[in-house]
Amino acid sequence: MRRLLLALLLVGCTGTGQLPPSGGDDDDDTPEPTPDPCLAIAPLPVQWTHQDGFTGSEDFALDGQGRMVSVDGGGNLVAIDMEGTLSVLIPGLGEVAGIDFLPDGDIAWNDVASGALLRANIATGSERMLLAGLEYPNGLDVDAEGFLYVAEQSGGRVRRVDSETGEFEVLAEGLYAPNGVSFGPDFSTLYVNSFGGGVVWAIDRDADGGFGEVREFATMPGAAPPDPEAACAGAVPGDACMDPWTWALGACVDQGGGSLSCVMSRDVAACDGLDVGAPCTTTLGDDPLQSLCAPNPDGGLFCPRAAAENLEACEDLPQDAACEVGGEEAVCAFSFEGAMVCWPWDEDGSVYVDACIDHEPEDSCVVADPAYPSIGTCIDGSDWGWSGLVCLGESSIPGNGSALDGLNVDVCGNVYLTEYIAGIVWRIGPAGGEPELVAQLDASWIPNMHFGHGVGGWQENVLYVSDRDTAGVYALELGVPGHGEITGRAR
């Protein structure tokens, strides 16, 4: 019965069924063809609106009652409708990346902090782990049979996981930072994008349900996988560099073979013999920085490249908790080094502009961001909405197509991508090729997106994009529905 209902649901979502006869000539029983929904696709770029009042969650799912289901700042699984009514479904879910409904109405999610894939029954609140030992599990999708597909950004692989037993098979490995995952129409092709490499891969499914080899579906113009050695060209060991994996401050290290590579390097020596919370002094660029010793994820302690006041403001507070530093309201967030810091949201990018005050074009510069300090070059910022010079590293220039985050597919097979920092939504046609600009949104963190399902005001021909900057959602009027993803209607 469950599969029958799901089959009927997917026919309705994808428009592959047919309309009944129109009741004309009794001798003519040929049904009228279903109108092609792809003919109604909106021209690009599309119109969009924004609505506040949701959560700053990495991902969300839509349930059968017309509510957005996501995780709030306290790690609770909540449901919020279009009117802003909030219900707590399961408290204390944790730090969540991908989240999705299963065909039976259970919810599944990636726990980033523990590296695990879990599922829960919303009605009873009972949870169970399906798979542990994942390396930064991020993207998540589910097929019509209830199998889960998880992208491990740090592990470079994509797994297919049985949502009942937790048994898995690796569909792809050796990928550069796989992030977003989504099926296309009829669940026949799984798409995966790269966070930093600007690549979209496709894994095709055969008639028997098996998966073929990974193929390159599209590459964003101007994007290329980061090169740690290029970041240290002309440097000596210990020089600061732009870590191409984290886009934050790194150090040039000889990893053998005579060449230097830029890697994220924590200042362990500054906390030698000290305790957690003890004052320490590290460097940010060429300048000393007063900080506090914090636990090193690799063991021992290290001196974070964040000011002591930013660390003190989040002492004993969870991620996404409200904090205050320098009289500014902010939020607690993990830094690139793994320390919890009070991170003032820099809406106008002033920290990148300030880094080039009293500098000349092409001067090197240091961005003193408490969570993501970086080095770069002072360049003209007018192309990205800044006046004057702005401090950017080559891999972090907005709009170069490298940092692909969210991914979804419409009923026509068009692939949609969100780009981190740039706030851009791209579209690539069913055959691949050059990307088109769908919308330029006024946010830098738009990690995931889902088509509406026609319940509770979530329109079927609209793509909804999460906005982590303001805990809102963008609605992009595309004129076509999604490919038929599972939305929790079964409940």
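Residues numbered from 1 in each chain as written. Predicted model: local features only at pLDDT ≥ 70, side-chain atom pairs only at ≥ 80, totals over all residues. Heavy atoms only, no water.

Participant: Help me understand unusual backbone geometry in this model?
Facilitator: What you tend to see is this: most non-glycine residues have negative phi, and most peptide bonds are trans. The linkage connecting Leu-44 with the following residue, Pro-45, adopts the cis geometry, with an omega of -10°. Here Pro-45 is to be found in the loop between helix 1 (2-14) and strand 1 (48-51). Here the phi dihedral of Tyr-136 falls at roughly 50°; this positive angle occurs in a residue that is not glycine. Structurally, the position occupied by Tyr-136 is in the loop between strand 9 (127-131) and strand 10 (137-142). Of the residues examined, Tyr-136 reaches a relative accessible area of 38% and is grouped as partly exposed. (Helix = DSSP H or I, 4+ residues; strand = E, 2+ residues; numbered from the N terminus. Buried < 20%, exposed > 50% of the residue type's maximum accessible area, 1.4 Å probe, protein only.)

Participant: Before we go on, may I ask you to explain the packing of aromatic side chains in this structure?
Facilitator: Remark: the centre distance and the inter-plane angle together describe each pair of aromatic rings, the angle taken between the planes. Here the structure, examined in full by the defined rule, presents 11 aromatic pairs. Ring geometry for Tyr-416 versus Phe-451: centroids 6.0 Å apart, planes at 75°, classification edge-to-face. Here Tyr-416 is found in strand 32 (residues 415-419), whereas its partner Phe-451 is found in strand 35 (residues 449-451), with 35 residues between them in sequence. Exposure class is identical for Tyr-416 and Phe-451. Each is buried. A network of ring pairs unites the aromatic residues Tyr-149, Phe-183, Phe-187 and Phe-211 as a single cluster. A cation over a ring is seen here: Arg-160 above Phe-147, with NZ or CZ 3.7 Å from the ring centre. (Phe/Tyr/Trp six-rings, centres within 6.5 Å; stacked < 30°, edge-to-face > 60°. Lys NZ or Arg CZ within 6 Å of the ring centre and 35° of its normal.)

Participant: Would you explain the state of the cysteines in this entry?
Facilitator: What makes a disulfide is a covalent bond joining the sulfur atoms belonging to two cysteines. Across all of its chains, the model carries nine disulfides by this definition. A disulfide bridge connects Cys-271 with Cys-293, and the sulfur atoms are separated by 2.1 Å. Between Cys-271 and Cys-293, the disulfide has an S-S torsion of -105° and is therefore left-handed. Separated by 22 residues along the polypeptide, Cys-271 in the loop between strand 20 (260-263) and strand 21 (279-284) and Cys-293 in the loop between strand 22 (287-292) and strand 23 (294-295) bring together distant segments of the chain. Disulfide pairing places Cys-314 opposite Cys-332 at an S-S distance of 2.1 Å. Across the S-S bond of Cys-314 and Cys-332 the torsion is about -100°, and the bridge reads as left-handed. Taken as a pair, Cys-314 in the loop between helix 2 (308-312) and strand 25 (322-325) and Cys-332 in strand 26 (residues 328-334) lie far apart in primary sequence, 18 residues in all. Among the residues examined, Cys-314 registers a relative accessible area of 3% and is labelled buried. Among the residues examined, Cys-332 registers a relative accessible area of 0% and is labelled buried. (Disulfide = S-S within 2.5 Å.)

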